[in-house]
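In case you want the letters, here they are:
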Amino acid sequence: MNPQAKLISILSLLLGTTITISSNHWAMAWTGLEINTLAILPLISKPHHPRAIEAATKYFLVQAAASTLLLFSCTTNALFTGQWDITQLTHPISCLLLTTAISTKLGLVPFHFWFPEVLQGSSLTTGLLLATAMKFPPITLFLLTSNSLNYTLLTTMAIASAALGGWAGLNQTQTRKILAFSSISHLGWMIIIIIYNHKLTLITFYLYCMMTAAIFLTLKTTKTLKLSSMMTAWTKIPSLNAILMLALLSLAGLPPLTGFLPKWLIIQELTKQGMTSTATIIALLSLLGLFFYLRLAYCATITLPPNSANYMKQWQTNKSVNTLTTTFITLTITLLPLSPMIFTIF
C-alpha cells in the first residue's frame, strides 16, 4: 500500500475518533463514525485478495446500515423532543434504535455475525485496529447515553455475548476468528457494567486493548494465522512463544495476571448492586472462553507436531522483537500488582 495513502487513512481514523468522542451534537458524532468507516476500508482491502475484498464489502454494508439506524434514532429523538444533544436522548423508540445501531457497530450479540468474518479476511495489523481502536467511538456513545438506555436489554445482550463468544470460539482453528469471539465475549463484560460504573467500563476496555494488542503483535511477529502453524512457531522465537502462553492466560482472566483485574472489579461491582445472580452467570460463562485460551496456550507451548518423513523443521530466526510488543506483553502479565495505583488514578 502506498505510504501516503496509509498515512491519510491513519490520520483519518484519528480524526474520526476524535470528532466522535469530543462531540455533543448527534450530527458531529455520526460524521466522525462515517469518517472512521471510510478510513478503515482501504486498510482492510489492501491485500487485493478476494477474501479481503469480501471482508471490506461486508464491513461497509454492516457499518452503513448501523449508521443509518443511528441517524434515524437521533432524528426521531429530535422530532419528538427538539433535542440534538447526545446526552438528551429520551424517546423510547430512539433509545431502542440507538442500542441496535451501536450494538451492530460493536459486534454485540445478536448483531455479531459480521465481525468474525471481517477479522478473518483482514491482516493481523488491520484486525488489531478493528478489535480495539474501532470500538472506542461506539463505546463512548454508549457511555454518554447509558442513563437513557434499557438496562434489562443491555444485560441480556451482555450475557448472550459472553455466552456466544465463549461457545462459538470452542471449535475454531483460525487465530483471528478465535480473537474475534474473544472480543465479543469481552464486550459482554464491558456492557454489563456500563450503567453502574463508567470508569470501570473504560478500565476494562483499556486493559482489553492492551492484552489484545500484545497477542496480535506476537502472532504477527511469528506469522501465526492458525493453530497448526502455532504448533511449529515455537522453533522461531522460543522465548516469545513461551510468553505468549502467559498473555493468553491473562486475556482469559486468570490470577495473578493483568486480565484478572477487570473481571474481579466487575463481579465486585455487580455484587454491590445486588446482582449476585448476574455476576455468577457471567463468571461461569467466562469458563467457556478459558477453554479455548488454554487450547491456544497448549498448542503454542506444549504440543509437538508429528515427526513425519516430509516434515521440515523451521529454524530460529534472527528477527528481534520490537519494543512495542515487549512493552504490551510486560504490562499484560505484570499489571495486577499495580492495581492500587490504577484505582488512585481513575
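Residues numbered from 1 in each chain as written. Predicted model: local features only at pLDDT ≥ 70, side-chain atom pairs only at ≥ 80, totals over all residues. Heavy atoms only, no water.

With an unreviewed UniProt entry as reference, the chain is termed NADH-ubiquinone oxidoreductase chain 2, source organism Lepidocolaptes angustirostris. As stated in UniProt under Sequence similarities (unreviewed entry), the record for the chain gives "Belongs to the complex I subunit 2 family." According to UniProt, the comment filed for the chain under the heading Catalytic activity (unreviewed entry) is "a ubiquinone + NADH + 5 H(+)(in) = a ubiquinol + NAD(+) + 4 H(+)(out)". (UniProt positions renumbered as here; feature names shortened; annotations may be inferred.)

Caption draft 1: Here's a closer look at the nonpolar core. Tyr59, Leu130, Phe142 and Ile192 are the most contacted members of the largest nonpolar core, which has 94 residues in total. Broken down by element, the residue count for this core peaks at 13 residues, all from helix H10 (residues 198–222). When residues of this core are sorted by domain, at least three fall in each of domain 1 (1–124) and domain 2 (150–345). Not counting residues up to four positions away in its chain, the partners in contact with Tyr59 are Thr37, Ile40, Leu41, Ile44, Trp114, Val118, Leu130 and Met134. (Core = buried A, V, L, I, M, F, W, Y, C linked by side-chain atoms within 4.5 Å. Buried < 20%, exposed > 50% of the residue type's maximum accessible area, 1.4 Å probe, protein only. Helix = DSSP H or I, 4+ residues; strand = E, 2+ residues; numbered from the N terminus. Domains from an automatic or database assignment. Contact = heavy atoms within 4.5 Å.)

Caption draft 2: Main features of the packing of aromatic side chains. Counting across every chain of the model gives 8 aromatic pairs. With a centroid separation of 5.7 Å and an interplanar angle of 65 degrees, the aromatic rings of Tyr59 and Trp114 are classed as edge-to-face. A residue pair is termed long-range when its members are at least 10 positions apart, and Tyr59 in helix H3 (residues 50–81) and Trp114 in helix H5 (residues 114–121) qualify at 55 residues. Aromatic pair Trp114 and Phe115: ring centres 5.4 Å apart, planes at 75 degrees, arrangement edge-to-face. By relative accessible area, which is 4% here, Trp114 ends up buried. Overall, the relative accessible area of 1% leaves Phe115 in the buried class. (Phe/Tyr/Trp six-rings, centres within 6.5 Å; stacked < 30°, edge-to-face > 60°.)

Caption draft 3: Main features of the side chain of Ser183. With respect to the helices and strands, the residue Ser183 is situated in helix H9 (residues 175–192). For Ser183, a relative accessible area of 0% puts it in the buried group. The contacts of Ser183, once residues within four sequence positions are left out, are Phe115, Ala131, Lys135 and Tyr208.

Caption draft 4: Up close: the UniProt feature "signal peptide" (unreviewed entry) in the chain. UniProt marks residues 1–20 with the feature "signal peptide" (unreviewed entry), using the numbering shown here. Within the segment residues 1–20, helix and strand shares are 90% and 0% respectively, and the terminal C-alpha atoms sit 27 Å apart.

Caption draft 5: Fine view of the domain arrangement of the chain. Each domain of the chain was delimited in the assignment, giving domain 1 (1–124) and domain 2 (150–345). Computed over C-alpha atoms, the centres of domain 1 and domain 2 are 25 Å apart. Contacts between domain 1 and domain 2 engage 18 residues on the former and 22 residues on the latter. When domain 1 packs against domain 2, close to 1,700 Å² is buried across both sides, 76% of that on carbon and sulfur atoms. Looking only at domain 1, the three residues that lose the most surface to domain 2 are Val109, Gln120 and Leu124, adding up to 40% of its buried area. Inspection of the domain 1/domain 2 interface yields 1 salt bridge. Of the charged contacts, one joins Lys177 and Glu117 as a salt bridge, the two residues approaching to 3.2 Å between their closest N and O atoms. Joining domain 1 to domain 2, the criterion identifies 5 residue pairs in polar contact (both at pLDDT 80 or more). When contributions to the side of domain 1 that touches domain 2 are tallied by element, the ones reaching two or more residues are helix H4 (92–106) and H5. Among the residues forming the side of domain 1 that touches domain 2, the class breakdown is 10 nonpolar, 7 polar and 1 charged. (Buried area = accessible area lost by both parts, 1.4 Å probe. Salt bridge = Lys/Arg side-chain N within 4 Å of Asp/Glu carboxyl O. Polar contact = N/O pair within 3.5 Å; in protein donor to acceptor, adjacent residues only side chain to side chain. Nonpolar A, V, L, I, M, F, W, Y, C, P; charged D, E, K, R; others polar.)

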